[in-house]
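Working through the structure, step by step
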Amino acid sequence: MSESEKAFPRPRFPVVTLVLLLANLAGFMLQLKQGSGLSNFLNNYSFVPTQVLAYLRGTPGTSFARSLLPFFGTLFIHSGVVHLLLNTWYLWLIGDVLESFLGRIRLVILWLAGAIVWGAATLMTVKPPASGFPCLGSGGALAALLGAYL
């Protein structure tokens, strides 16, 4: 057994990593099926800072489901094939190692915490008119995993 295998034992089967990978692929496939309705799909199921800010300010006509729940949907939507491949490749390279080192529950908590920090940073830094555009991908969640791996 090599030194790296002793330090980072592999799990029997990386369940969480595989579920996240499959969810990314399913989200992208769903996105591809939208055709001309892609713009509406992205506005409804991805993180749009202006929608979230309107809800947090208590703007009439906004709702939790329309404003904050898409934040979790956006974690499985990508801007293109290269974006999808890079995110899933990095997740595959480090996910199983972290899953065995941290455990499945802590891996999910770290992944979600990274996504939440990304969302908060996005809300604080993206200004109009860019704040009206959908923000896609799980870059913040993946950054948290990469940081933990390093």
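What follows is about the nonpolar core. One finds Phe47, Leu91, Trp111 and Leu145 to be the most contacted residues of the largest nonpolar core, which totals 19 residues. Elements with a minimum of two residues in this core: α2 (15-32), α7 (81-102), α8 (104-125) and α9 (139-149). Ranked by the residues each element gives to this core, the list is headed by α8, at five residues. The residues contacting leucine 145, other than those within four sequence positions of it, are Leu91, Ile94, Leu98, Leu107, Leu110 and Trp111.

Those residues of α9 lying buried are Gly140, Ala141, Leu142, Ala144 and Leu145. Elements in contact with the buried residues of α9: α7 and α8.

Below, the discussion takes up the environment of threonine 50. By the element assignment, threonine 50 lies in helix α4 (residues 49-56). By relative accessible area, which is 36% here, threonine 50 ends up partly exposed. In this structure the C-alpha to C-alpha distance between threonine 50 and valine 97, which are 47 residues apart in sequence, comes to 37 Å. If near-sequence neighbours (up to four positions away) are discounted, threonine 50 is found in contact with Ser131 and Gly132.

A word on the environment of valine 15. As for its position among the elements, valine 15 is in helix α2. Given the relative accessible area of 37%, valine 15 is considered partly exposed. Sequence separation between valine 15 and leucine 56 is 41 residues; the distance between their C-alpha atoms is 35 Å.

As a further point, take the confidence of the model for the chain. Confidence along the chain averages 90 in pLDDT terms, with 92% of residues attaining 70 or more. Mean pLDDT per element in the chain: helix α1 (residues 3-7) is the minimum at 63, and α2 is the maximum at 95.

The subject of this paragraph is the packing of aromatic side chains. Summed over all chains, the structure comprises eight aromatic pairs. For the ring pair phenylalanine 47 and tryptophan 118, a centre distance of 5.4 Å and an interplane angle of 50° mean the geometry is tilted. Here phenylalanine 47 is found in the loop between α3 (38-45) and α4, whereas its partner tryptophan 118 is found in helix α8, with 71 residues between them in sequence. Ring plane angle 45° and centroid distance 5.3 Å describe the contact between tryptophan 89 and tyrosine 90, whose orientation is recorded as tilted. Of the residues examined, tryptophan 89 reaches a relative accessible area of 46% and is grouped as partly exposed. A residue is classified by how much of its surface remains accessible, and tyrosine 90, at 34% relative accessible area, is partly exposed. Through a chain of ring-to-ring contacts, the aromatic side chains of Phe47, Phe71, Phe72 and Trp118 assemble into a single cluster.

This part covers the environment of asparagine 44. Within the secondary structure, asparagine 44 sits in helix α3. Taking C-alpha positions, asparagine 44 is 24 Å from leucine 86, a pair spaced 42 residues apart along the chain. Residues within four places of asparagine 44 in sequence aside, it is in contact with Arg66 and Pro70.

It is worth spelling out the packing of α7 against α9 at this point. Packed helix pairs are characterised by how far apart their axes lie and by the angle those axes make with each other. Closest axis-to-axis distance for the α7/α9 pair is 10 Å, and the angle between their directions is 45°. Taken together, the axes of α7 and α9 lie oblique to each other. You can see that α7 and α9 cross each other, and the crossing is left-handed. On α9, the residues that touch Asn87, Tyr90, Leu91, Ile94, Val97 and Leu98 of α7 are Gly139, Leu142, Leu145, Leu146, Ala148 and Tyr149.

The rules behind the values
All residue numbers here refer to positions counted from 1 along the written sequence of the relevant chain. It should be noted that, the model being predicted, local features are given only for residues of pLDDT at least 70 and side-chain atom pairs only at 80 or more, the latter also being counted only at that level, while totals for whole chains, interfaces and linings use all residues. To get the side-chain values, all heavy atoms of the structure are used, and hydrogens and water are removed first. Working definition of a nonpolar core: buried Ala, Val, Leu, Ile, Met, Phe, Trp, Tyr and Cys residues. They are joined through side-chain atoms within 4.5 Å. The buried label applies to any residue whose accessible area, calculated with a 1.4 Å probe on protein chains only, is under 20% of its type's maximum; exposed applies above 50%, and partly exposed to all values in between. What counts as a helix is a DSSP run of H or I of at least four residues, what counts as a strand is a run of E of at least two, and both are numbered from the N terminus. Whether two residues are in contact is decided by their heavy atoms, any of which lying within 4.5 Å being enough. pLDDT runs from 0 to 100 and stands for how confident the predictor is about each residue. Any two of the Phe, Tyr and Trp rings considered here, Trp counted by its six-membered ring, make a pair once their centres fall within 6.5 Å; the pair's planes then place it as stacked at under 30 degrees, edge-to-face at over 60, or tilted in between. Here an angle of 0 to 180 degrees is reported between the N-to-C directions of two axes, which are lines fitted to C-alpha atoms, with helices fitted over the stretch in contact. Roughly parallel means an angle under 35 degrees; roughly antiparallel means over 145; roughly perpendicular covers 65 to 115; every other angle is labelled oblique. In this scheme the crossing of two helices becomes right-handed for a clockwise turn of the near helix relative to the far one and left-handed for an anticlockwise turn of less than a right angle.

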